[in-house]
Amino acid sequence: LDNTDDNFGQYLHTSPNGEIVVVAKVNDFSVSTSDEKIAILKLSEEGKTLSSDLYANRCFKLDCSAMQDDYLLLAYSGTTENEIDQATYLAGLTSEKMESQNVHCLSTDGDYETIDHIEVKKSAVYISQLKINAEALYLVRKYDLDGNLDESFTDDGRIDSNADLYNSNFVVGENGEVFVVSKSLDNDFEILIKKLNSDGSMDDTFGVDGIASLALRYPITVLDKLQIDPKNLLYISGDMSIEGS
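Okay, so let's go over this structure. (Residues numbered from 1 in each chain as written. Predicted model: local features only at pLDDT ≥ 70, side-chain atom pairs only at ≥ 80, totals over all residues. Heavy atoms only, no water.)

A closer look at the side chain of S184
- With respect to the helices and strands, S184 occurs in strand β13 (residues 178-184).
- At a separation of 3.2 Å, a polar atom in the side chain of S184 contacts the main-chain amide nitrogen of D186.
- Beyond its immediate stretch of four places on either side in the chain, S184 contacts N162, E190 and L192. (Helix = DSSP H or I, 4+ residues; strand = E, 2+ residues; numbered from the N terminus. Polar contact = N/O pair within 3.5 Å; in protein donor to acceptor, adjacent residues only side chain to side chain. Contact = heavy atoms within 4.5 Å.)

Below you can see the structure in the form of structure tokens.
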């Protein structure tokens, strides 16, 4: 990337043949901040540059990216033609055609804020969104790789009245179960975990009425990464406040 580009955060992926794919939000200082762009850099396994392309002009926010096999998915927010309204988009690109624009691009419903997280699992795309002006509504939706909504997946979006929606994340298991992990608003020492079945319905056998509570030794400040392994064990990482540090 150009030395004048300012990196606003990046995602790193690898393709099946060992290529390295970097997705970053960049800004050339010679233009206004409203013209921030998404850059996609592809490297060989040895680190040699194969391609470097700009994807979305006038990008407000690069929310997340995910890659499965040779398929890259981007979730980002940008302006519409009148440059006032904000819309959120999901775009999919194959590794061979990363210079293509607006492939399988869709806009989220108006009642929801920016896409919060995206995950690809067995040719299915899972997206979490936050409900605008509503408490405790963190909705997970399921799509195919063409952006078609799976209407059989029926998450009602409710976590717990004590859940911090802006400090929540989710992960998908091998069999399609979804775990939504949230920092508690009432107790800095508590993490709340909601489990959904593969059809999006609440698993009432998990925890108490579908929500488990995890007590920590020290107060948590930020949730970071989630991962689930083949044995269905859930790993949570984040920042904790230990003696004020």
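Back to the text.
Digging into the nonpolar core
- Core analysis: the largest hydrophobic core is formed by 16 residues, its most contacted members being Y126, Y138, V140, F170, V178 and V180.
- Of all elements in the fold, only β10 (124-131), β11 (138-144), β12 (163-172), β13 and β14 (190-196) reach the threshold of two or more residues within this core.
- Ranked by the residues each element gives to this core, the list is headed by β12, at four residues.
- Among residues more than four places away in sequence, those in contact with Y126 are H117, I118, E119, K121, V140, R141, K142, F153, F170, V172, G176 and V178. (Core = buried A, V, L, I, M, F, W, Y, C linked by side-chain atoms within 4.5 Å. Buried < 20%, exposed > 50% of the residue type's maximum accessible area, 1.4 Å probe, protein only.)

Comments concerning the environment of D144
- One can find D144 in strand β11.
- Residue D144 is classed as partly exposed on the basis of its relative accessible area of 29%.
- As a C-alpha pair, D144 and S123 span 21 residues in sequence and 6.5 Å in three-dimensional space.
- When sequence neighbours within four positions are dropped, the list of residues in contact with D144 reads S123 and V125.

Things to note about unusual backbone geometry
- Its identity as a non-glycine residue notwithstanding, D209 has a phi of 55°, on the positive side.
- Assignment of secondary structure puts D209 in the loop between β14 and β15 (211-215).
- Here the phi dihedral of N232 falls at roughly 70°; this positive angle occurs in a residue that is not glycine.
- Assignment of secondary structure puts N232 in the loop between β16 (220-228) and β17 (234-240).

Looking at the pairing of β14
- Here β14 lies mainly inside the structure; seven of its seven residues are buried.
- The alternating pattern of β14 places E190, L192, K194 and L196 on one face and I191, I193 and K195 on the opposite face, and all of these are buried.
- From the end of β13 to the start of β14, which pair antiparallel, there are five residues.
- Bridge analysis of β14 against β15 gives five bridges, and the strand direction is antiparallel. Bridge pairing in β15 links E190 to A215. (Pairing = 2+ DSSP bridges.)

A closer look at the pairing of β17
- Bridge analysis of β16 against β17 gives six bridges, and the strand direction is antiparallel. Bridged to I228 within β17 is L234.
- Connecting the antiparallel pair β16 and β17 is a turn made up of five residues, with N232 showing a positive phi of about 70°.

Things to note about the sheet that holds strand β3 (residues 37-43)
- Strand order in the open sheet formed by four strands is β1-β2-β3-β4, and the pairing between neighbours is antiparallel. The sheet is open, and its two borders are formed by β1 (10-14) and β4 (49-54), each paired with just one other strand. Ignoring which end each strand starts from, the neighbouring axes of this sheet average 15° apart. (Axes fitted to C-alpha atoms, helices over the stretch in contact; angles between N-to-C directions.)

Brief notes about the sheet that holds β15
- Ordered by their spatial adjacency, four strands build an open sheet running β12-β13-β14-β15, and the pairing between neighbours is antiparallel. Every interior strand has two partners, whereas the edge strands, β12 and β15, have only one. Strand after strand, the sheet turns through a mean of 25° between neighbouring axes, direction not considered.

Here we look at the packing of aromatic side chains
- Taken as a whole, this structure holds two aromatic pairs when the rule is applied.
- Judged by centre distance (5.9 Å) and plane angle (75°), the ring pair of Y126 and F153 falls under edge-to-face. Of the two residues, Y126 is situated in strand β10 and F153 in the loop between β11 and β12; the sequence distance between them amounts to 27 residues. Across the pair, F153 and Y126 agree in class, each one buried.
- Judged by centre distance (5.8 Å) and plane angle (70°), the ring pair of F179 and F206 falls under edge-to-face. Placement of the pair is F179 in strand β13 and F206 in the loop between β14 and β15, with a sequence separation of 27 residues. (Phe/Tyr/Trp six-rings, centres within 6.5 Å; stacked < 30°, edge-to-face > 60°.)

Overview of the pattern of salt bridges
- A complete count under the given rule lists four salt bridges for this structure.
- Among the ionic pairs, D188 bridges to K183, the shortest N-O distance being 3.3 Å.
- Exposure remark for K183: the relative accessible area of 10% places this residue in the buried category.
- Between K195 and D203 there is a salt bridge, with its nearest N and O atoms 3.2 Å apart.
- Judged by its relative accessible area of 10%, D203 is buried. (Salt bridge = Lys/Arg side-chain N within 4 Å of Asp/Glu carboxyl O.)

Keep in mind these numbers describe shape, not what the thing actually does.
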